[in-house]
Amino acid sequence: MKKTIAIILIVQAIILGCQQLPSNQDTSSNVPDDSLEYIIPDTSLIPRDAFGDAVRYGRNLMEKTAFFIGPKGSNGQYTRNLMACSNCHQQAGTKPFSFNLMRSHQEYPQYRPREDKILTLAERVNNCITRPHNGRPLPYESKEMIAFLSYLKWINSFVIRKDRFAGEKNLQIQYPDIAANAKTGSVLYAQHCERCHQKKGEGLFNADTTAYLYPPLWGDLSYRKGSSMNRVTKMAGWLKANMPHQLASHTNPILSDVEALHIAAFINDESIHSRPGDATYDYPNPLTKPMDYDKGPYADPFSEEQHKNGPFPPIIKYWEEKGQKLVK
Ligand code: HEC
Ligand code: HEC
């Protein structure tokens, strides 16, 4: 990162009077300081009209997913576990380096290597309903889908510079010359994670068992096989910036890169931990398959094991020498 990232909690004075930053205009005149690249949306600025109602419901859905659309959801049964979107997209998708969603509205429709086709944002939302939440897709015309999309549009209007940093989705880590090792990961898990996520990774429900205090990391109620969180390098970047909860941050991580990789290898090891869903065989085009996707065929000579847990530098070098772009 070029410079210290400026996360500025919204300054009422800048925003009051314009209700919210307009999404399709050059907002540079609202930027008093060039380091101001990102504003955490202030929910009190959600408009008091029909669109605002959808935005508010969308934000509630992000944070109280199971309450509304979980297995016993008050407004429909879509997700099959009690996790919330914001367990991974923390602070309802606005926290930097926590699979931040502030730019998503402007970035779709987008080519997705996993399906090898262009997806709309609604289709991408449904991917998270079906994979991490092991659920069934929301109908596109449902109040819930419209609310998710309205919310994503609204937070996108707080991205000041559309061409550069806006919260960043994930932390880029350095890849060591050794493979990530589940056994080492299990020791680190006991040390850093078990006190909240529990010995068997099942997490801990809240008092009325309507949601999690600490969400599960494996088992039937966790994310499915083939969720992006199930990929070792992707999870490692997220862990480094976000876990242990409330202790780690992207500027003050607790885990080193290699520790985060070991733990991610442990959590995502299929031979130790079960999770719902069949093994999927996505990414039909080997040329756009991510480096750490653990099912071949690949456009390089490395094994499934090496693609899953590394060592990654030889894979990166191979693609560099061929002059091809490797999806990380
Ligand atoms: C177990 C963790 C997890 C949960 C729970 C989860 N997601 Fe995701 N989501 C991810 C990961 C990982 C990605 C991919 C991020 C990346 O590629 O950097 C993602 C990506 C997305 C994207 C695409 C972002 C972009 O800009 O490309 C959207 C939109 C999204 N999620 C919405 C949701 C919604 C809505 C929910 C709740 C119904 C949800 N997610 C629940 C892990 C999760
Ligand atoms: C102090 C308690 C605590 C500790 C310690 C902790 N976590 Fe978490 N973890 C949480 C909470 C709370 C959330 C949900 C965050 C939210 O909703 O904002 C979470 C979310 C997660 C998630 C995303 C949701 C899911 O269940 O898939 C993962 C993955 C995760 N933690 C892994 C870890 C790992 C690995 C460690 C150890 C390095 C760790 N956590 C340490 C409390 C903790």
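Remember, predicted model here, so these are calculated numbers, not experimental data.

Peer 1: Quick question: what am I supposed to make of the site of ligand 2 here?
Peer 2: Inspection of the region around ligand 2 gives 26 residues, with Cys193, Cys196, His197, Pro216 and Met243 positioned closest. With respect to ligand 2, the backbone of Ser86 contributes an N or O atom lying 3.3 Å from an oxygen atom. Within the side chain of His197, one N or O atom sits 2.8 Å away from a nitrogen atom of ligand 2. Those elements giving two or more residues to the shell around ligand 2 turn out to be α4 (85–88), α10 (194–197), β6 (212–214), α11 (232–242) and α12 (257–267). Of the residues contributing to the shell around ligand 2, the split by class is 19 nonpolar, 6 polar and 1 charged.

Peer 1: How do you make sense of the coordination of the iron atom of ligand 2 when you look at a structure like this?
Peer 2: Expected angles at a metal are 109.5 degrees for tetrahedral coordination by four donors and either 90 or 180 degrees for octahedral coordination by six donors. Looking at the iron atom of ligand 2, one finds its protein donor set to be His197 (NE2) and Met243 (SD), positioned 2.0 to 2.3 Å from the metal centre. Between the 6 donor atoms coordinating the iron atom of ligand 2, the angles at the centre fall across 86 to 179°, so the site counts as octahedral. Here His197, found in helix α10, pairs with Met243, found in the loop between α11 and α12; they are 46 residues apart in sequence, far enough to count as distant. This pair shows no difference in class: His197 is buried, exactly as Met243 is.

Peer 1: Is there a simple way to think about the environment of Ile129 in this case?
Peer 2: On the secondary structure map, Ile129 appears in helix α7 (residues 121–130). In the structure, Ile129 is positioned 64 residues away from Thr65 in sequence and 9.9 Å away in space, judged by C-alpha atoms. Aside from chain neighbours lying at most four places away, what touches Ile129 is Ile69, Thr79, Asn134, Gly135, Arg136, Pro137, Leu138 and Phe148.

Peer 1: What am I meant to see in the site of ligand 1 here?
Peer 2: Taken together, the neighbourhood of ligand 1 is formed by 21 residues, with Cys85, Cys88, His89, Cys128 and Lys234 sitting nearest. The separation between an oxygen atom of ligand 1 and a polar side-chain atom of Ser104 is 2.7 Å. At 2.5 Å from an oxygen atom of ligand 1 is found a side-chain nitrogen or oxygen belonging to Tyr108. Residue assignment for the shell around ligand 1 shows that the elements contributing at least two residues are α4 and α7. Its residues assigned to classes, the shell around ligand 1 comprises 14 nonpolar, 4 polar and 3 charged. If you count residues domain by domain, the shell around ligand 1 takes at least three from each of domain 1 (46–156) and domain 2 (182–267).

Peer 1: Explanation requested: the environment of Ile316 in the structure shown.
Peer 2: Structurally, the position occupied by Ile316 is in helix α14 (residues 313–322). Relative accessible area serves as the criterion here: at 16%, Ile316 is assigned to the buried category. If sequence neighbours within four positions are ignored, Ile316 has contacts with Tyr175, Met291, Leu326 and Lys328.

Peer 1: Just checking my understanding: could you explain the packing of aromatic side chains for this structure?
Peer 2: One pair of aromatic rings is described through two measures. These are the centre distance and the angle between the planes. Applying the stated criterion to the full structure yields 12 aromatic pairs. Here the aromatic residues Tyr57, Phe67 and Phe68 are joined through ring pairs into a cluster of three or more. Seen from the ring of Phe51, Lys153 lies directly overhead, with NZ or CZ sitting 5.6 Å from the centre. The ring of Tyr298 has Lys289 lying over it, and the distance from NZ or CZ to the ring centre is 5.3 Å.

Peer 1: Honestly, the coordination of the iron atom of ligand 1 in this entry has me stumped. Any pointers?
Peer 2: Distances from the iron atom of ligand 1 to its protein donors, namely His89 (NE2) and Cys128 (SG), fall within the range 2.0 to 2.3 Å. In this structure, the iron atom of ligand 1 is coordinated by 6 donor atoms arranged in octahedral fashion, with angles at the metal of 88 to 177°. With a gap of 39 residues between them, His89 in the loop between α4 and α5 (90–93) and Cys128 in helix α7 connect regions that are remote in the sequence.

Peer 1: Explanation requested: the packing of helix α2 (residues 50–63) against helix α8 (residues 143–156) in the structure shown.
Peer 2: To characterise two packed helices, one gives the angle between the axes of the helices and the distance between these axes. Running from amino to carboxyl end, α2 crosses α8 at an angle of 95°, the nearest separation of the two axes being 7 Å. Taken together, α2 and α8 sit at an angle that is classed as roughly perpendicular. Residues Phe51, Ala54, Val55, Tyr57, Gly58, Arg59, Leu61 and Met62 of α2 form the contact with α8, whose own contacting residues are Lys143, Glu144, Ala147, Phe148, Ser150, Tyr151, Lys153 and Trp154. Tallied by class, the residues present in the contact of α2 with α8 amount to 10 nonpolar, 2 polar and 4 charged.

Peer 1: In this structure, what is going on with the nonpolar core? I would like to understand it.
Peer 2: Inside soluble globular proteins, nonpolar side chains tend to come together where they are buried. Counting residues in hydrophobic clusters, the biggest one holds 38 residues, and the most contacted among them are Leu239 and Ile267. At the level of secondary structure, the elements contributing two or more residues to this core comprise α9 (182–192), α11, α12 and α14. Once residues lying within four places of it in the same chain are set aside, the contact partners of Ile267 are Leu217, Trp218, Tyr223, Met235, His273 and Arg275. In terms of nonpolar packing, the next biggest core, distinct from the first, is built from 30 residues, Ile69, Leu101, Met102 and Val159 among them.

Each value, and the rule that gives it
Residue numbers here run from 1 along each chain, matching the order of that chain's written sequence. Throughout, the order in which chains and ligands are written sets their labels, letters from A for the former and numbers from 1 for the latter. Residues qualify for local features only when their pLDDT is at least 70, as the model is predicted, and side-chain atom pairs are given and counted only at 80 or more; totals for whole chains, interfaces and linings, by contrast, use all residues. Only hydrogens and water are set aside; all other atoms, that is, all heavy atoms of the structure, feed into the side-chain values. Proximity is defined per residue: if any heavy atom of the residue lies within 4 Å of a molecule or strand, that residue is considered near it. In protein, a polar contact means a hydrogen-donor-capable atom and an acceptor-capable atom, both N or O and within 3.5 Å, with residues adjacent in sequence counting only if both atoms are side-chain atoms; elsewhere, any N or O pair within 3.5 Å suffices. Only runs of H or I of at least four residues qualify as helices and only runs of E of at least two qualify as strands under DSSP, and these elements are numbered from the N terminus. Each residue receives one of three labels: charged for Asp, Glu, Lys and Arg, nonpolar for Ala, Val, Leu, Ile, Met, Phe, Trp, Tyr, Cys and Pro, and polar for the others, Gly being one of them. A 2.8 Å cut-off from the metal defines N, O and S donors, relaxed to 3.2 Å for Na, K and Ca; water is not in the atom list, so some sites may appear incomplete. Site shape is set this way: if four donors have all angles between 85 and 135 degrees, tetrahedral; if opposite donors are over 155 degrees apart and all others between 65 and 115, square planar for four donors and octahedral for six; otherwise irregular. Burial here depends on accessible area, computed with a 1.4 Å probe over protein chains only, as a share of the maximum for the residue type. Under 20% is buried, over 50% is exposed, and the range in between is partly exposed. Contacts: residue pairs with any heavy atoms within 4.5 Å of one another. Segmentation of the chain into domains, including their bounds, is taken from an automatic or database domain assignment. When two rings of Phe, Tyr or Trp (its six-membered ring) have centres within 6.5 Å they constitute a pair, described as stacked for plane angles under 30 degrees, edge-to-face for angles over 60, and tilted for the intermediate range. Two conditions define a charge located above a ring, namely a distance within 6 Å from the ring centre to NZ of Lys or CZ of Arg, and an angle within 35 degrees of the ring normal. All axes here are fitted lines through C-alpha atoms, helices being fitted over the stretch that makes contact, and every angle between N-to-C directions spans 0 to 180 degrees. Any angle from 65 to 115 degrees is called roughly perpendicular, while one under 35 is roughly parallel, one over 145 is roughly antiparallel, and all others are oblique. By nonpolar core we mean a set of buried residues, namely Ala, Val, Leu, Ile, Met, Phe, Trp, Tyr and Cys, connected to one another through side-chain atoms within 4.5 Å.

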